[in-house]
Amino acid sequence: MELFRSETMQLVQMIVPAEAAHDTVTALGEVGLVQFRDLNPDRSAFQRTYANQVKRCDEMLRKMRFFAEQMHKAGLVAVPRADAEDRPYHLDELEARLEELEHELRQITANTEKLRKSHSELVELQLVLEKAGGFFEDARADASAVDAGASIPSSSRRSDITISGGVGLLGGAVGRPTDTEMGERLLGDSEDAFVRDGGAHSRSTSRSFSEYETPQVGAQDPKAVRLGFIAATVLTHKTPSFERVLFRVTRGNMFLKQSVIEGKTEDPRSGEKVEKTVVVVFFAGERARAKILKICEAFGANRYPFPEDFQRQHQMNSEVTARLLELQSTLEASTRHRNGVLSNIGHKYDAWLANVRKEKATYHVLNMFSVDVSRKCLVAEGWCPVVAKPRVREALLSANRSASAQMGTVFQPLPTRDTPPTYYATNKVTEVFQGIVEAYGVARYREVNPAVMTVVTFPFLFAVMFGDFGHGLLMLAAATYMIAKEKSLKKQKLNEIVQMGFDGRYCILLMSVFSVYTGLLYNECFSVPMSLFGRSKFKCDPNDPTFQDSGACVSQFKSGLVPASDTPYAVGVDPVWHGTKTELLFVNSLKMKMSILMGMTQMTLGIFMSLLNFLHEKDWLSIWCEFVPQVVFLGSLFGYLSVLIVAKWVTKGATADLYHVMIYMFLSPGNADCAGEGEDGKPGCPENAMFPGQGAFQVLLVLAAFASVPVMLFPKPYYLKKRHEARLGRGGAYAVLGENEDASDDEGAGAGAGAFVVARVLVLPQHRVRPPPAQARLVPLLQVVRLGEEHHRHGRERRQH
């Protein structure tokens, strides 16, 4: 197998017995070297042969998603167990198992949800009994104070609302002064209960408990009005809006007492922890009661019964507490049972999920096959690498044996002129680089693979940008660890970020190595200059008086340092540049010139890779009309600039301004030294003339660059147009195959294949089959093509006569 070019592909046909179809596709999927073609393009997904099996797999995947959702809610993680059963499940067996588990888990979840809801409602009821009971306790305390001798101003009393007859709604016997005074005390602050802003609407919730019914009373004062109340819990942020709406709907004929619950409580409906407030609404009349009930439903308030009698309140509180303890134990037992079922599912979840996905992929591929009902077999076509044919044959044979099919699988090559797909055989090192290249595009069949060059160019260009010795060592340590532990890390379930880094561990290794190298060239370690290769080759100006007196060097910030010797720094950038005012100018100039050289190298490499493709395809037209003018154009401009950069680096004392050189190359051809622009007609920039005859050479380069543009644009399209018109002018639907286009079975893609005989067909029988007689050989394809051409020519001659 090779990586420089795509593997040689061949179109093959397989005639598979119906009883061995599933095992055959599964075995070929394990090999992973066959790309099937869809032989039923006109059929929709619902008209395919195995559409029902695909639907069953989708239903099983839905159940698996349900299991994953329940495990996530329970805070569990699917961890495969070492002693878990690792045998592959049959589709029917796995489907029945998943159906049973889903039914059991739904029942457990429904029961747990009911218990949780009941528990949350009882908790809220207990809070209502506590908070609302506090309201009534305060009212009774105030009434007792009145009995003891305190007086309530008559202006605060409400004579139109009283408690009379039987057992009053506010507790106590009929006619007791304490009850009357308590009712007056509760209503005394009603005029001071103003409406607040805020709140929001929410989905109304149904009542969990029956509303406390007011008992019927006997004789009442005809002027008296029954006073009722409703106890409920409302979301804290909705309380202001709830109070405002109540005030407006009842026109102020209500009294609201509220108390915020400390901390967060679990909402019975959603199961979320929210902040709630206990409210008690006092009202008069059935119409007001109906309106308040509708408002409670609109705001999602949970209403709870609250007895009037003080003794009944304490009794109900005790009953709720006992019921909570019982529900808590039941809920814990139900939760343990549910978590046990989910844990057992989690041990096999990954294996089941992989099995279902494999089955679904298998039936998707089977839907691409053509079904021969009369012969009870399936016909498949696909592309296969020539070097992988022995592995495919072995997989077909093993699948046929495992299915105990009565007849063998026929495996034969097919002649075709279709363009084969591109396939590169990669390993764990080159796979990541192939993925980087294919993220931008896939090369055509048998083209040069850019991933071969990307193995070096991508990490190196990253290091040119990253370039730091210390950070490079950290990356190197991380990549080395992942490579050393790759066997154990492959078995673990990593998160998305870590998995991405693990998949590119070899790319990170190369990037770190190049980063260490470029960090040495930049002489930087964690952005701090290094002096590993000696001190600076610059020194302070000996004529600086500050240096002679105190050792300081003030001139380095004014006139700069002076060279200590004629030799450059040993390796990389001199560390003395770091932190100076001219560092940015120097480093930017250096990196810009390096970028031009590396970009020119990469573009030249790409052009010469296209030359390899043209030579492989023997496309001489593209060589002369694409490759040659591209090389001339690129070399005349950027190639010349790259040569000037290197020449300036190696020439001692060179101060040429390459910007001006390239600008004057086009604006003033032949004028390399700005002739006539200086004083007294002298050259304005004599330093730009780097070699004799530079002006004439630049004129030649400009002419060559301009001449290469029309050569790239016009000749090839014109020639292709004429060739296409010539083909149409002949009127032939068939083209005669050349001698060099005849390809054998072992050589390739089948494009222009020669004589195809039955003797080349590979039969994989369960028993020995007699070879076909010589009379059964097919007519060579070339003869068929020629017969068609003769028939077409004779028909045209008859039409002319």
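Computed from a prediction, not measured in an experiment: that's the story for all the values here. (Residues numbered from 1 in each chain as written. Predicted model: local features only at pLDDT ≥ 70, side-chain atom pairs only at ≥ 80, totals over all residues. Heavy atoms only, no water.)

A. A look at helix H5 (residues 239-249). Every buried residue of H5 is accounted for by Thr239, Pro240, Ser241, Phe242, Glu243, Arg244 and Leu246. Buried residues along H5 sit against strand E3 (227-235), strand E4 (255-260), strand E7 (276-284) and helix H6 (286-298). (Buried < 20%, exposed > 50% of the residue type's maximum accessible area, 1.4 Å probe, protein only. Helix = DSSP H or I, 4+ residues; strand = E, 2+ residues; numbered from the N terminus. Contact = heavy atoms within 4.5 Å.)

B. Looking closely at the pairing of strand E10 (residues 377-385). The buried count for E10 comes to nine of nine residues, which makes it a mostly enclosed element. Burial of E10 is two-sided: the residues Cys377, Val379, Glu381, Trp383 and Pro385 facing one way and the residues Leu378, Ala380, Gly382 and Cys384 facing the other way are all buried. For strand E1 (residues 9-17) and E10, the ladder comprises nine bridges, and the chain directions are antiparallel. Residue proline 17 lies in a different strand from E10, and its bridge partner there is cysteine 377. (Pairing = 2+ DSSP bridges.)

C. The sheet that holds E4, seen in detail. The sheet built from four strands is open, its strands ordered E4-E7-E3-E8 with antiparallel pairing. Only two strands of the sheet have a single neighbouring strand rather than two, namely E4 and strand E8 (302-304). Pairwise comparison of adjacent strand axes, ignoring direction, gives a mean angle of 25 degrees for this sheet. Two elements, E3 and E8, share three bridges in a ladder whose sense is antiparallel. Its bridge partner lying in E8, threonine 233 is registered against asparagine 302. Here H6 sits on the sheet in contact with E3, E7 and E8, set at roughly 160 degrees to E7. (Axes fitted to C-alpha atoms, helices over the stretch in contact; angles between N-to-C directions.)

D. Quick look at a nonpolar patch on the surface. Taken together, the side chains of Met592, Tyr659, Ile663, Phe666, Leu667 and Phe706 present a nonpolar region at the surface, about 670 Å² in accessible area. It is helix H18 (residues 658-667) that provides the largest number of residues to the nonpolar patch, a total of four residues. With a relative accessible area of 44%, isoleucine 663 lands in the partly exposed category. (Patch = residues over 30% accessible without salt bridge, like charges linked within 9 Å, V, L, I, M, F, W, Y side chains within 5 Å. Areas by Shrake-Rupley, 256 points an atom, 1.4 Å probe, with all protein chains shown as cover. Salt bridge = Lys/Arg side-chain N within 4 Å of Asp/Glu carboxyl O.)

E. Structural detail: the side chain of threonine 277. By secondary structure assignment, the location of threonine 277 is in strand E7. Here the side chain of threonine 277 touches threonine 236 through a polar contact of 3.2 Å, side chain to side chain. Excluding its chain neighbours within four sequence positions, the residues that come into contact with threonine 277 are Ala232, Thr233, Val234, Thr236, Thr239, Gln258, Ser259, Val260 and Ile261. (Polar contact = N/O pair within 3.5 Å; in protein donor to acceptor, adjacent residues only side chain to side chain.)

F. Fine view of the nonpolar core. Ranked by size, the top nonpolar core spans 48 residues in total, and within it Met14, Leu28, Phe36, Phe67, Trp352, Leu366 and Phe369 carry the most contacts. Listing elements by their share of this core, those giving two or more residues are E1, helix H1 (21-31), helix H2 (51-74), helix H3 (91-147), helix H7 (310-366), E10 and helix H8 (389-402). With 10 residues, the single largest contributor to this core is H7. Within the second largest apolar cluster, 24 residues are counted, among which are Val128, Phe135, Ile261 and Val278. (Core = buried A, V, L, I, M, F, W, Y, C linked by side-chain atoms within 4.5 Å.)

G. Spatial organisation of the state of the cysteines. Evaluation of the coordinates by the stated rule reveals one disulfide. In this model, cysteine 674 is linked to cysteine 685 through a disulfide, with the two sulfur atoms separated by 1.9 Å. Because the sign of the S-S torsion sets the handedness, a value of about 85 degrees for the bond joining cysteine 674 and cysteine 685 places this disulfide among the right-handed ones. In this pair, cysteine 674 sits in the loop between H18 and helix H19 (694-713) while cysteine 685 sits in the loop between H18 and H19, placing the two residues 11 residues apart along the sequence. The exposure classification of cysteine 674 matches that of cysteine 685, with both residues buried. (Disulfide = S-S within 2.5 Å.)

H. Local environment of the packing of helix H9 (residues 431-438) against helix H10 (residues 451-466). Contact geometry for H9 and H10: axes closest at 9 Å, N-to-C directions at 95 degrees. Taken together, the axis directions place H9 and H10 in an arrangement best described as roughly perpendicular. Contacts between H9 and H10 involve Phe433, Gln434, Ile436 and Val437 from the former and Ala451, Thr454, Val455, Phe458 and Pro459 from the latter. (Parallel < 35°, antiparallel > 145°, perpendicular 65-115°, else oblique.)

I. Inspection of the pattern of salt bridges at higher detail. Counting across every chain of the model gives 27 salt bridges. The partner of lysine 360 in a salt bridge is aspartate 58, and the shortest N-O contact between them spans 2.6 Å. On the criterion of sequence distance, the pair formed by lysine 360 in helix H7 and aspartate 58 in helix H2 is long-range, its members being 302 residues apart. Exposure remark for lysine 360: the relative accessible area of 22% places this residue in the partly exposed category. Several salt bridges share partner residues, and in doing so they unite Glu59, Arg62, Glu102 and Arg106 into one network.

The values are spatial; any link to function lies outside them.
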